[in-house]
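Structural characterization, general
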Amino acid sequence: MATHELLYGGYTGREAQIYSWFHQIPKEAPAIFALIMFALLGLINLAITFKTRAWFMLTIAFTALLEVIGYACRILMLHRPAYDPYVIMQATLIISPIFLALVDYSATGKLMRMAHGGGRLHPAWVARGFFASDLLCLAVQGAGAGLSSSEKAGNLNSAKALLIIGLILQLVFFTCFTILTLYINLKRKYGLRGVKAFHPIFFCLYSTITLMYIRSIFRLIEFAGGWFGYVATHESYFYCFDFLMVFLCFVIFTVFHFGFYLKKAQASLLDSAPQQEQVAIDGANPAFNANKSAAMPAAVTSVPIQVQAV
């Protein structure tokens, strides 16, 4: 009886199988709610992205898809517990929030290209450096998530170590990125300090970074406590410090969509510095210069363009 209690929590049948995977019996309603919320926010964000043509924001919709898949597998595990849906659930719910950081990295790179003073930091290399760091965290945590479904104690210990290493690396890179964002925001040579048009952008950056910090620290505590630890076996902590943090990131990325606010901020900079080159929000980087239109002959600029209705 003691062995049965340890492995199956005293449950029998399908509930015993569920307990053998989760070491608890998860509730279905919160998972359904999470699935619906991420699907809805993903679709809204996708529509805004197409409207603003800020293609780097497609990462949000992709992350939403991964979250939907993860919670769908969590629901499936409550009806048909099996190896495959458990692996997919673990992989998607553990690693998908990493992609949210890519959005902040891209936005900060665009802010650096907009800045008046420029600086020694090259925007392209800064963005590539943080992209590489995110891919490293993704690879390490992905490997850990894959091993987490193993029944061998050695593999479970390796999975725990990899996940903890990946989360520590993620926190280190988050810290470096936060310092860089503060530097760009407050340093006068970038010309962004005190400009109201940039306030929503920096609010979005700081708030999402903070939420991802909290989520990563929670996951670090969870994995440090072990697969059968108190935090890991009480899903209320998961929904408070994982689902809620990621969900709030989605809400902020949708309400303060970079596609809208980067364009507004860019227009504000162009008004104050007409000679500044425009930074494409969609990454195409067209050669736009306010002085070029002023230098064109009036006969050329005044010719109306006929658009044929389709």
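Residues numbered from 1 in each chain as written. Predicted model: local features only at pLDDT ≥ 70, side-chain atom pairs only at ≥ 80, totals over all residues. Heavy atoms only, no water.

Relative to the elements of secondary structure, Ser 148 occurs in the loop between helix H7 (123-147) and helix H8 (153-186). Taking the C-alpha atoms as reference points, Ser 148 and Ala 91, separated by 57 residues in sequence, lie 9.1 Å from one another. Once you skip the residues sitting within four places of it in the chain, Ser 148 turns out to touch Tyr 86, Gln 90, Leu 156, Ala 159 and Trp 227. (Helix = DSSP H or I, 4+ residues; strand = E, 2+ residues; numbered from the N terminus. Contact = heavy atoms within 4.5 Å.)

Here we come to the pattern of salt bridges. In the structure shown here, the tally under the stated rule is 4 salt bridges. Across the pair Glu 222 and Arg 219 runs a salt bridge, and its minimum N-O distance is 2.8 Å. Remark: Arg 219 and Glu 222 occur in helix H9 (residues 199-224); sequence separation between them is 3 residues, near one turn of the helix. Each member of the pair, Glu 222 together with Arg 219, is buried. Among the salt bridges present, the one from Arg 219 reaches Asp 242, with a minimum N-O distance of 2.8 Å. With Arg 219 in helix H9 and Asp 242 in helix H10 (residues 235-255), this residue pair connects regions lying 23 residues apart in the sequence. The residues Arg 219 and Asp 242 share a single accessibility class, namely buried. (Salt bridge = Lys/Arg side-chain N within 4 Å of Asp/Glu carboxyl O. Buried < 20%, exposed > 50% of the residue type's maximum accessible area, 1.4 Å probe, protein only.)

Right, let's get into the side chain of His 257. Tracing the chain through its elements places His 257 in the loop between H10 and helix H11 (258-272). Residue classification places His 257 among the buried positions, given a relative accessible area of 0%. Looking at His 257, its side chain comes within polar contact range of the main-chain nitrogen of Gly 259, at 2.9 Å. (Polar contact = N/O pair within 3.5 Å; in protein donor to acceptor, adjacent residues only side chain to side chain.)

Packing of helix H6 (residues 98-114) against H9 leaves a shortest axis separation of 11 Å and a crossing angle of 150°. Viewed along their axes, H6 and H9 adopt a mutual orientation that is roughly antiparallel. Crossing geometry of H6 relative to H9 is assigned as left-handed. Packed against H6, whose contacting residues are Leu 100, Ala 101, Asp 104, Ala 107, Thr 108 and Leu 111, the element H9 presents Ile 201, Phe 202, Leu 205, Thr 208, Ile 209 and Met 212 at the interface. (Axes fitted to C-alpha atoms, helices over the stretch in contact; angles between N-to-C directions. Parallel < 35°, antiparallel > 145°, perpendicular 65-115°, else oblique. Left-handed = near helix turned anticlockwise from the far one by under 90°.)

If you check H10, its first and last C-alpha atoms are 28 Å apart, about what 21 residues at 1.5 Å a residue would give, namely 30 Å. By the largest-angle criterion, Leu 244 marks the main kink of H10, which is about 30°. (Expected span 1.5 Å × (residues − 1). Bend = angle between axes of the 7 residues up to and from the residue.)

Before going further, it helps to examine the packing of aromatic side chains. The full count for this structure, using the stated rule, is 26 aromatic pairs. For the ring pair Tyr 11 and Tyr 19, a centre distance of 5.7 Å and an interplane angle of 40° mean the geometry is tilted. A connected cluster of aromatic rings, assembled from ring pairs, spans Phe 33, Phe 38, Tyr 71, Phe 238, Tyr 239, Phe 243, Phe 247 and Phe 250. Positioned above the aromatic ring of Phe 238 is the side chain of Arg 74, whose terminal nitrogen or guanidinium carbon lies 4.9 Å from the ring centre. (Phe/Tyr/Trp six-rings, centres within 6.5 Å; stacked < 30°, edge-to-face > 60°. Lys NZ or Arg CZ within 6 Å of the ring centre and 35° of its normal.)

Taken together, Phe 62, Leu 65, Ile 69 and Ile 88 make up a surface patch of nonpolar side chains, about 330 Å² in accessible area. Ranked by residues supplied to the nonpolar patch, first place goes to helix H4 (residues 58-79) with 3 residues. As for its placement among the helices and strands, Phe 62 is situated in helix H4. Taking the relative accessible area as the measure of exposure, Phe 62 reaches 41% and is therefore partly exposed. (Patch = residues over 30% accessible without salt bridge, like charges linked within 9 Å, V, L, I, M, F, W, Y side chains within 5 Å. Areas by Shrake-Rupley, 256 points an atom, 1.4 Å probe, with all protein chains shown as cover.)

All right, on to the confidence of the model for the protein chain then. Per-residue confidence for the protein chain averages 83 on the pLDDT scale, and 81% of its residues sit at or above 70. Below a pLDDT of 50 lies the segment residues 284-310, which in the model reaches 19 contacts outside its immediate sequence neighbourhood of four places, other chains included. (pLDDT = per-residue confidence, 0-100.)

Let's shift gears to the nonpolar core. With 79 residues, the main nonpolar core has Phe 38, Tyr 71, Phe 198, Ile 201, Phe 253 and Phe 258 as its most contacted residues. A per-element tally of this core places H6 first, with 11 residues. Each residue touching Phe 198, except ones within four places of it in the same chain, is listed here: Leu 111, Met 114, Leu 192, Ala 265 and Leu 269. (Core = buried A, V, L, I, M, F, W, Y, C linked by side-chain atoms within 4.5 Å.)

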